[in-house]
Amino acid sequence: LRDTILQASGQLNLEVGGRPVKIDTHPTPTRRTLYGFIDRQNLPSIFRAFDFANPDTHCPERYENIVPQQALYLMNSPFLSDQSKKISELSGKNAAAEKARIKVLYQMLFQREPKPVEIVDALKFIKAAKVGDKEKTYSQLAQVLFLSNEFRYLD
């Protein structure tokens, strides 16, 4: 999920090899999650929230685990907030008009055109924003799209 978020926002570092990085620090490193440093004695909260396997034991099979803490972690995550800002900025560079910018966001996140009802809902959300808060509103829209089931799960 973390790599997909970084990829969608254009931030994923695809460098192969090298030293591990602490992916739970802020600002978040853009290296792939595969290169995340694991401290066996002090597992970061991000790993616990997503039911990371105990690094001291053998784990040949993982079970599906979806708990509310995962959604809450993402909703309040500085990482997701930063990536939402970055993808919002990218969408603004690629399209100026509101409707076109919404289409760019959907294309970047879901690789599809938004449905007419999705465009209407997004436009209502953006128009409800205060006059000076348009960029913040686009960032919030991007965060909502990142949190959607369509982004997080493959059909």
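Note: the structure precedes this text.
Every chain is numbered on its own, with residues counted from 1 as its sequence reads. In keeping with the predicted nature of the model, local features appear solely for residues at pLDDT of at least 70, side-chain atom pairs appear and are counted solely at 80 or more, and the whole-chain, interface and lining totals rest on all residues. Hydrogens and water are ignored here; the side-chain numbers use all heavy atoms of the structure.

*Asks:* Would you mind showing me how to read the environment of Ala53 here?
*Replies:* Secondary structure elements follow DSSP: runs of H or I of four or more residues count as helices, runs of E of two or more count as strands, with numbering from the N terminus. The residue Ala53 is located in the loop between helix H2 (45–49) and helix H3 (68–75) in this model. Exposure is judged per residue with a 1.4 Å probe applied to protein chains only, and the accessible area is read against the type maximum: over 50% gives exposed, under 20% gives buried, and values in between give partly exposed. Residue classification places Ala53 among the buried positions, given a relative accessible area of 19%. Each C-alpha atom, one on Ala53 and one on Leu14, is 25 Å from the other, the two residues being 39 residues apart in sequence. Two residues form a contact once any of their heavy atoms are found within 4.5 Å. Look past the residues within four positions of Ala53 in its chain and what remains in contact with it is Cys59 and Arg62.

*Asks:* What exactly am I supposed to notice about helix H4 (residues 78–94) here?
*Replies:* Along an α-helix, a turn takes 3.6 residues, which lines up residues three or four apart on a common side. Between the first and last residue of a helix there are one fewer steps than residues, each counted as 1.5 Å, and that sum is the expected span. For H4, with 17 residues, the first-to-last C-alpha span of 25 Å sits near the 24 Å given by 1.5 Å per residue. The complete set of buried residues in H4 reads Phe79, Leu80, Gln83, Ser84, Ile87, Ser88 and Ser91. The arc that holds every buried residue of H4, seen down its axis, measures 165 degrees, which confines them to one face. Along its buried surface, H4 packs onto helix H1 (2–8), H3, helix H5 (98–110) and helix H7 (134–147). Measuring from the side-chain oxygen of the N-cap residue of H4 to the backbone nitrogen of Phe79 gives 3.1 Å; that N-cap residue is Ser77. Read the arc as the range of directions from the helix axis to the C-beta atoms. Pairing of N or O atoms within 3.5 Å defines a polar contact, subject to two protein rules: one partner must be a possible hydrogen donor and the other a possible acceptor, and residues neighboring in sequence count only if both atoms are side-chain atoms.

*Asks:* Hey, could you run me through the pattern of salt bridges in this one?
*Replies:* When the charged atoms of two side chains lie near each other, side chains of opposite charge can form a pair. Whenever a carboxyl oxygen of Asp or Glu lies within 4 Å of a side-chain nitrogen of Lys or Arg, that contact is scored as a salt bridge. One pass over the full model with this rule turns up eight salt bridges. One network of salt bridges, in which partners are shared, links Arg2, Asp3 and Arg32.

*Asks:* I keep staring at the nonpolar core and nothing clicks. Help me out?
*Replies:* In summary, soluble globular proteins display a tendency toward joint burial of nonpolar side chains. In these notes, a set of buried Ala, Val, Leu, Ile, Met, Phe, Trp, Tyr and Cys residues joined through side-chain atoms within 4.5 Å is what counts as a nonpolar core. Core analysis: the biggest nonpolar cluster contains 26 residues, and Ile87, Leu109 and Phe146 have the highest contact counts within it. Contributions of two or more residues to this core are made by H1, H4, H5, helix H6 (116–127) and H7. Sorting elements by how many residues they give to this core places H5 first, with seven residues. Formed by five residues, the second largest nonpolar core is a distinct cluster that contains Ile23, Leu43, Ile46 and Phe47.

*Asks:* Help me out: how do you make sense of the packing of aromatic side chains in this one?
*Replies:* Within a pair of aromatic rings, the relevant descriptors are the distance that separates the centres and the angle that separates the planes. Classification of ring pairs uses Phe, Tyr and Trp, with its six-membered ring standing for Trp, and accepts pairs whose centres are within 6.5 Å; under 30 degrees between planes counts as stacked, over 60 as edge-to-face, and the remaining range as tilted. By the definition in use, this model includes two aromatic pairs. Ring centres 5.0 Å apart and planes at 80 degrees place the aromatic pair Phe146 and Phe151 in the edge-to-face group. Using a relative accessible area of 2% as the deciding quantity, one classes Phe146 as buried. For Arg101, the ring lying beneath its charged end belongs to Tyr138, and the centroid distance is 3.9 Å. Only when the NZ atom of a Lys or the CZ atom of an Arg is both within 6 Å of the ring centre and within 35 degrees of the ring normal do we say a charge sits over the ring.

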